[in-house]
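Spelled out, the chains give:
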Amino acid sequence: MKRTLLLMQLFTIVNIAFCQELISLKQYLSELEGSREFLYKESWIDSIYVDPSSSLDELSIIRSAIIKKGLKLYIYEDTFVFIYPNRLEFERNLLLNNKGSRKDQIEELQVGDPEEYDKDTDAVIEGVVTGEFGQTLIGVNIQVNGNLAASTDEQGTYRIVLKPGNYELLYSFVGLESEKKLVTVYSSGSLNTSLFPDSRLLDEIVIEGNSSGQIFEDGSVGVQRIGLEKLEKLPSFLGNVDVIKSATSLPGIAAAGESSSYLNVRGGTNDQTLILMNGTTIYNPGHLLGFYSVFNGDFISDMAVYKGGIPTRFGMRSSSVLDVKMNKWGTKELNVYGGLGLIDSNLGIKRKLMDNKLDINLGGRISYVNWILNYVRDEDVLRSSARFGDVNISSRFIMDEKNSFFLTGFYGKDFFRYSNRIIYKWRTLNGGLRWSRLLTNDWVLESELAVSTLSNTSEGLEQNDEFIFNNGLSETALRGTLSNSQFEFGLDVTNYSIKPGEIAPATETTQVDDRTLDRERLLNIGAHVNRIFKSTGGLEVNAGLRANYFQNLGPGEVNIYREESPLLPANVQNVERVGRGEAISSDFVVEPRVSVNYTLGNNLLRASYSRTNQFLHLISNTVLVNPSSVWKGSDRYIPPTKIDQFSLGYQYTVDERDLSISIDGYYKELDDLIEYRNGATFLMNESLEQEILRAEGVSYGAELLVSKNSGRLSGSASYTYSRTLAKVQDRLQDVSINDGEWYSYYTDRPHNIKFNVDWKISKKWTVSSNFIFLTGAPISAPITVFEVDGISIPYFSERNSERIPDYHRLDLVITGKSRIRRTKKNNDRWVLTLYNLYGRENVANIYFSNQNDAPSQPFQLVNIGRLVPTLTYKFEI
Amino acid sequence: MRYLKHIILLLFILSSCSEPFEFDVEEGAFNVIDAKVSTAEGGSYVRIIALNDSTETLRNDFTVQVISDRGEVVDFSYDRSSGNYLPVDPTFRGDNGVRYRFSAFNNDGILFDSSYDSIPDSFPIDINIADTLVLKLSTVLDSFILTEAVVSTAIVPFTSDVFYSRLKLVYAYQDYWMSDSTIVEEIDNFILFNNFQVDIPSSGAIIPLGIRVNEPWLFFDATQPAAFCNSVILFNCPNPCCGNPCCHFEDRWVMDFRLVQESLSPATYDYWENVEKLRNNDGLIFDTFPFPVEGNVECTGCDNQTLGLFQAVSESVSSVQRELRVLVQ
């Protein structure tokens, strides 16, 4: 007895001590309110307690607590945290189709007490319908078996009288996702429910399931997404979140170069990836010649890379889509956020206004590299300078239950001077306005106006050769989409105005003459239709069709060549003048695209086919795109690039460990790829068709990805084997490359290995690491130098027959929270990035030079040949 | 902290660099043919080189001939001093309008054979370097530093509609206080090379030609045939502030400008044009796409690839001398 008493006392003491560490989840969430909005029903979390002293971060504490109670959470735009019952189907379908509707998910419930069941006695069902913020909703329609039975009153309550039995109840409210429930009514009782924003009104949702924001497959073939939390942990150059470099951590995606912000996706070239910032096209995604990307990490809410199975709503690019959403919203209070770094800093504000109807996020970045350059005792460096600045604005206005508006804007400006040789300046100005209108309970109409402009200026500084060269383009797109959970219809009209080049003398003594090339005007009208079929057996088919009508419009001059003669100056018979608005060329193409997913338990099998056409080409004289590279539309002689892609994938998920393994294969047939004549020159060339050849190509590969998405130690590993080959036997141009044999195309990099590890050491410290190995890019290299008539002549290999050395790099990021204050919205942190940890001298380019009196020989350009440590302080007030 | 800042900066700056690069290519061995038939006396030669990596070996074991389309065979013999095969008849000169090809073979069964190349029917009869010659000088350490010169040039062609040509401008300077106008130093760095194709007006007007050093562009203005074009020649010394001797001139010296003009066949012009495109690439915006320049010589019995060119040219030379002392004024 004494012993039992002692044990009880001990238990009590331990229990008291233990209980002193635990607090209710509700209390914990209320303490965290401010930094995020937590959305839940109190009844769901009544009995849940958490240990706030745990070494886990806040979300992990919450997640570990609720998972035991059959609840899950997901995060929307890093602001709203939804806690909801663990309805596996609900989440799986969100994963399978980001734009999918939750209305197809039916919750089975019972009302009343089975012991009180009497089939002849009316049962009264009463309940309250609340919204995402817990507010009661007035006017919610409740249908019973398809017939309107009641609406909620001013208190958000409703009352229905039914005979006991099985019913299907549908709760619907404009602007919110309808909720369907299968209800077994035994006797009178209550039935409350909550309605959440219609996912079709939301751009993208970052699903957080059990993960902490890891890379995950979208379910669709060839689609991968990276949540914000994961983005912040991937090492990037100079300590900033960089979606471009993060995208290269995914299998099958490579950067065009260390200092490049262009992506090569599954063998696609720099121009074959459509890069979108909130629906506006980014034509030069790089700052500081590509060391930075134009995407400000403080705005990014989500990014998706479509490597295959490109949705029909996307056109004009043939390889892939990088869709970045910049919708990171604040809270009711004013949030000031920013970062201080050695090279750049950023500052911004965000908040909710007008009773949460208006969200606004305004921020900018500025660099200050020049002070560093002044420390270098090298004349070329001292004469060099670089800077950039950009401003972003994102805003959302929910006018009423039916109408929402989204505004986005971006202005970026770059300046780069290299010694006394050249200055590059480029500016991007993008803006977009989107209006979402809920037409009925199910149909949504989205209208969008998106404007994108890019202006480049290059200034030659060499004595007596001073020039100013300008080029650029602008795109104006009007898009409309009508969709519900099963259908999508869309129409888009896009107008392009390309300024190919304008050169002018910069001084009176220069020998450069004024010259301006005609603008190029392009028009593309696209229409698409998409249908999603879902079966209860786990089969989902997404089939669609996109049609493009593309015109290259006058005014302009078109060379007319002798029939069946190569497009050479000597074969120009005459020049045809095409009037304003008249078509220089027209193309009509139809692009079928279909993807099939079959889910069986933890197994997901997926397949897709897509056809894409590209009418807009980036013409560049180097693998590393410089800011003055020319965009060129398809015309009478330059056909669109056409790609047929077949993909097949399999994914297996181990739920208990949140581990997934996937393997995807793809095969692409490439028609009318852009290739170049030997010695082609592009700038200020008004007859580019004389320099461009048409290549046929093939691309194929297999991508293996293993990822562990939760726990203190998480990460992913991937291996990709891929080839991209081309062949040029251009009969029209009467020319072949490499004797008409297959050769490695510019993006052919067979082996691609990537590791990423994220280790949460404690609540304060996180270490993540990233490793990349990539086969060196193929190039035409100067393999020897010989002399004829006293002149040193570099001898280049055949097209792309050599490779620059393999690329590999290891990075380390250490993140430390500066203070832990649970009761306040404090997210201050230090980020130490060790980029290129072992100082690998990765070669960016190899070129021949006979400059500066040096012997004529090949040189290698190494952009970042050292460990680059950066320290950044991030704060949010 | 201060030192840490500098270390970080230094690491960042040092991270971008260019350095010589060697490809790990298969044991590279090439045959290089450098052969020319010229209208200038002493201007014809053939040079056969075995190139292995960066090591050049002159080949002297070949029997070399130049054959015209009129059936004439010109024998060449190896000249040990120059390493070239030279015409056995030292007065040999190529004729305008005649096509020539080159052939060389040895006892190992190796045969080099070129396609025919023709000396153009017509070519400029005169080349002038204008009297106006301005040198911009500055004084550093009590001596003059030549930074740039402005030269006016013109070629006066006659009847042809199109001619192909290349120019080579050679600079030398002489110390006229020394006896016999001894050339102090020939400045190799200042060799100027340019190719151009000009549409000649039927009137045969003077076509001004601008010349640039180390530039991919050619400057001429055919719309003003009576005008001379001032061309700036930049003296690209590696570091003129550091007292590199090549950049220093004494005011007693004489500058000697020799303009060598060669009229070419279209095929030879294409070859040199391609070479110049590659040589002028500098990583900036007007670069051309790199490619292997193919010559017109083939080999039978070779294991290695044959590079180089056989060219038939018409040559003219013009020169002018100016005293720097005068120029300074």
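Because the structure is predicted, anything quoted here is derived from the model rather than measured.

Asks: Would you explain the overall build of chain A in this entry?
Replies: Within chain A, the secondary structure is distributed over nine helices and 60 strands. Looking at chain A as a whole, 60% of its 877 residues are labelled buried. Long-range contacts, defined as pairs at least 24 residues apart, comprise 65% of the intrachain contacts of chain A with a sequence gap of at least 6. Summed over its atoms, the accessible surface of chain A is roughly 33,800 Å², and 55% of this surface lies on carbon and sulfur atoms.

Asks: Looking at this structure, I do not really get the overall build of chain B. What am I missing?
Replies: On a plain count of helices and strands, chain B comes out with three helices and 22 strands. Within chain B, counting contacts between residues at least 6 apart in sequence, those at least 24 apart form 66% of the total. Accessible surface computed for chain B: about 15,500 Å², of which carbon and sulfur atoms make up 49%.

Asks: Explanation requested: the nonpolar core in the structure shown.
Replies: Buried together is how nonpolar side chains tend to be arranged in soluble globular proteins. Residue and element names in this part refer to chain A. If you look at the biggest cluster of nonpolar residues, it comprises 47 residues, and the most contacted ones within it are L616, W631 and Y676. Among the elements of the structure, β30 (422-438), β32 (467-483), β33 (487-505), β41 (616-619), β42 (630-633), β44 (659-676) and β45 (692-708) are those that each provide at least two residues to this core. Broken down by element, the residue count for this core peaks at four residues, all from β44. Contact partners of W631, with chain neighbours within four places excluded, come to D271, Y283, R317, L454, L473, I498, E520, L616, H617 and L618.

Asks: Quick question: what am I supposed to make of the environment of E262 of chain B here?
Replies: Looking at where E262 of chain B falls in the secondary structure, it is placed in strand β20 (residues 253-264). Taking the C-alpha atoms as reference points, E262 of chain B and V313 of chain B, 51 residues apart in sequence, are found 5.9 Å from one another.

Asks: I tried to follow the pattern of salt bridges on my own but got confused; where do I start?
Replies: Once their charged atoms are close, side chains differing in charge can pair, the charge on each being opposite to the other. All names here are of chain A. For the coordinates displayed, the defined rule picks out 32 salt bridges over all chains. Between D664 and R606 there is a salt bridge, and its shortest N-O distance comes to 2.9 Å. On the criterion of sequence distance, the pair formed by D664 in strand β44 and R606 in strand β40 (residues 603-614) is long-range, its members being 58 residues apart. What makes R606 buried here is its relative accessible area of 1%. Taking the shortest distance from any N to any O, the salt bridge between D748 and R803 comes out at 2.7 Å. Of the two residues, D748 is situated in the loop between β49 (743-744) and β50 (751-760) and R803 in strand β55 (residues 802-803); the sequence distance between them amounts to 55 residues. We classify D748 as buried; its relative accessible area is 0%.

Asks: Would you take a moment to explain a negative patch on the surface for this structure?
Replies: Taken together, D739, E741 and E798 of chain A together with E294 of chain B make up a surface patch of like negative charges. Tracing the sequence through the fold places E294 of chain B in the loop between α2 (266-279) and β21 (297-300).

Asks: What is the right way to read α2 of chain B from this model?
Replies: Residues separated by three or four positions in an α-helix point in the same direction, a consequence of the helix having 3.6 residues per turn. For α2 of chain B, with 14 residues, the first-to-last C-alpha span of 20 Å sits near the 20 Å given by 1.5 Å per residue. All of the buried residues in α2 of chain B are T268, Y269, Y271, W272, V275, E276, L278 and R279 of chain B.

Asks: Is there a simple way to explain helix α2 (residues 25-32) of chain A in this structure?
Replies: The complete set of buried residues in α2 of chain A reads L25, Y28, L29 and L32 of chain A. All buried residues of α2 of chain A project into a common sector of 95° when viewed along the axis, lining one side.

Asks: Got a minute to help me understand unusual backbone geometry in this structure?
Replies: Phi is mostly negative for residues that are not glycine, and the peptide bonds are mostly trans. Residue and element names in this part refer to chain A. Cis rather than trans, the peptide bond between G554 and P555 has omega equal to 10°. Summarising the element assignment, P555 is placed in the loop between β36 (539-553) and β37 (556-561). A positive phi angle, close to 70°, is found at M316, a residue other than glycine. Residue classification places M316 among the buried residues on the basis of a relative accessible area of 5%. Its identity is not glycine, yet D672 carries a phi of approximately 55°, on the positive side. The topology assignment puts D672 in strand β44. We classify D672 as partly exposed; its relative accessible area is 25%.

Asks: Got a minute to help me understand the side chain of K350 of chain A in this structure?
Replies: Considering the arrangement of structural elements, one finds K350 of chain A in strand β26 (residues 344-353). You can call K350 of chain A buried: its relative accessible area is 6%.

Asks: Honestly, the side chain of S319 of chain A in this entry has me stumped. Any pointers?
Replies: All names here are of chain A. Relative to the helices and strands, S319 resides in the loop between β23 (302-306) and β24 (320-325). For S319, a relative accessible area of 0% puts it in the buried group. Engagement of the side chain of S319 in a polar contact is seen with the side chain of K668, the distance being 3.4 Å. If near-sequence neighbours (up to four positions away) are discounted, S319 is found in contact with V265, G268, Q272, Y306, K307, I310, Q645 and K668.

Asks: Mind showing me how you'd approach the environment of I48 of chain A here?
Replies: All names here are of chain A. Mapped onto the elements of the fold, I48 is located in the loop between α3 (42-45) and β3 (49-50). A residue is classified by how much of its surface remains accessible, and I48, at 2% relative accessible area, is buried. In this structure the C-alpha to C-alpha distance between I48 and L25, which are 23 residues apart in sequence, comes to 5.6 Å.

Asks: Would you take a moment to explain the packing of aromatic side chains for this structure?
Replies: Here a ring pair, both rings aromatic, is described through the centre-centre distance and the interplanar angle of the planes. Evaluated as defined, the whole model comprises 24 aromatic pairs over all chains. Relative to F489 of chain A, the ring of W443 of chain A lies with its centre 6.4 Å away and its plane at 20°, an arrangement referred to as stacked. Within this pair, whereas W443 of chain A is found in the loop between β30 and β31 (444-460), its partner F489 of chain A is found in strand β33, the two being separated by 46 residues in sequence. Residue classification places W443 of chain A among the partly exposed positions, given a relative accessible area of 24%. Ring geometry for F102 of chain B versus F310 of chain B: centroids 6.0 Å apart, planes at 20°, classification stacked. With F102 of chain B in strand β8 (residues 99-105) and F310 of chain B in strand β22 (residues 305-323), the pair connects residues that are 208 residues apart, well separated along the chain. Among the residues examined, F310 of chain B registers a relative accessible area of 0% and is labelled buried. One aromatic cluster is present, built from ring pairs that chain together Y676, F682, Y745 and Y746 of chain A together with F289 of chain B.

Asks: Whenever I open this one, the confidence of the model for chain A confuses me. Can you help?
Replies: If pLDDT is low for a region, its predicted coordinates should not be looked at in detail. All names here are of chain A. Mean pLDDT over chain A: 80, with 80% of residues reaching 70 or higher. Across residues 198-221, confidence stays below pLDDT 50; counting only partners more than four residues off in sequence or on other chains, it has 128 contacts. Scored below 50 in pLDDT, residues 820-824 shows 10 contacts in the model against residues more than four places distant or in partner chains.

Asks: For this particular structure, what's the right way to read the pairing of strand β54 (residues 791-796) of chain A?
Replies: Each regular strand carries side chains that alternate between the two faces of the sheet. Across the six residues of β54 of chain A, six count as buried, placing the element largely inside the fold. Linking strand β53 (residues 782-788) of chain A to β54 of chain A, which pair antiparallel, is a turn of two residues; within it D789 of chain A sits at a positive phi near 55°.

Asks: So what exactly am I meant to see when it comes to the environment of L274 of chain A here?
Replies: Residue and element names in this part refer to chain A. Topologically, L274 is positioned in strand β19 (residues 273-277). For the pair L274 and L322, spaced 48 residues apart in the sequence, the C-alpha separation amounts to 6.0 Å. Apart from the residues lying within four places of it in its own chain, the contact partners of L274 are T281, F314, G315, R317, S320, V321 and L322.

Criteria and thresholds
- Residues numbered from 1 in each chain as written.
- Chains lettered and ligands numbered in written order.
- Predicted model: local features only at pLDDT ≥ 70, side-chain atom pairs only at ≥ 80, totals over all residues.
- Heavy atoms only, no water.
- Helix = DSSP H or I, 4+ residues; strand = E, 2+ residues; numbered from the N terminus.
- Buried < 20%, exposed > 50% of the residue type's maximum accessible area, 1.4 Å probe, protein only.
- Contact = heavy atoms within 4.5 Å.
- Areas by Shrake-Rupley, 256 points an atom, 1.4 Å probe, with all protein chains shown as cover.
- Core = buried A, V, L, I, M, F, W, Y, C linked by side-chain atoms within 4.5 Å.
- Salt bridge = Lys/Arg side-chain N within 4 Å of Asp/Glu carboxyl O.
- Patch = residues over 30% accessible without salt bridge, like charges linked within 9 Å, V, L, I, M, F, W, Y side chains within 5 Å.
- Lys, Arg positive; Asp, Glu negative; His and termini not counted.
- Charge placed at Lys NZ, Arg CZ, Asp CG, Glu CD.
- Expected span 1.5 Å × (residues − 1).
- Arc of directions from axis to C-beta.
- Polar contact = N/O pair within 3.5 Å; in protein donor to acceptor, adjacent residues only side chain to side chain.
- Phe/Tyr/Trp six-rings, centres within 6.5 Å; stacked < 30°, edge-to-face > 60°.
- pLDDT = per-residue confidence, 0-100.
- Pairing = 2+ DSSP bridges.

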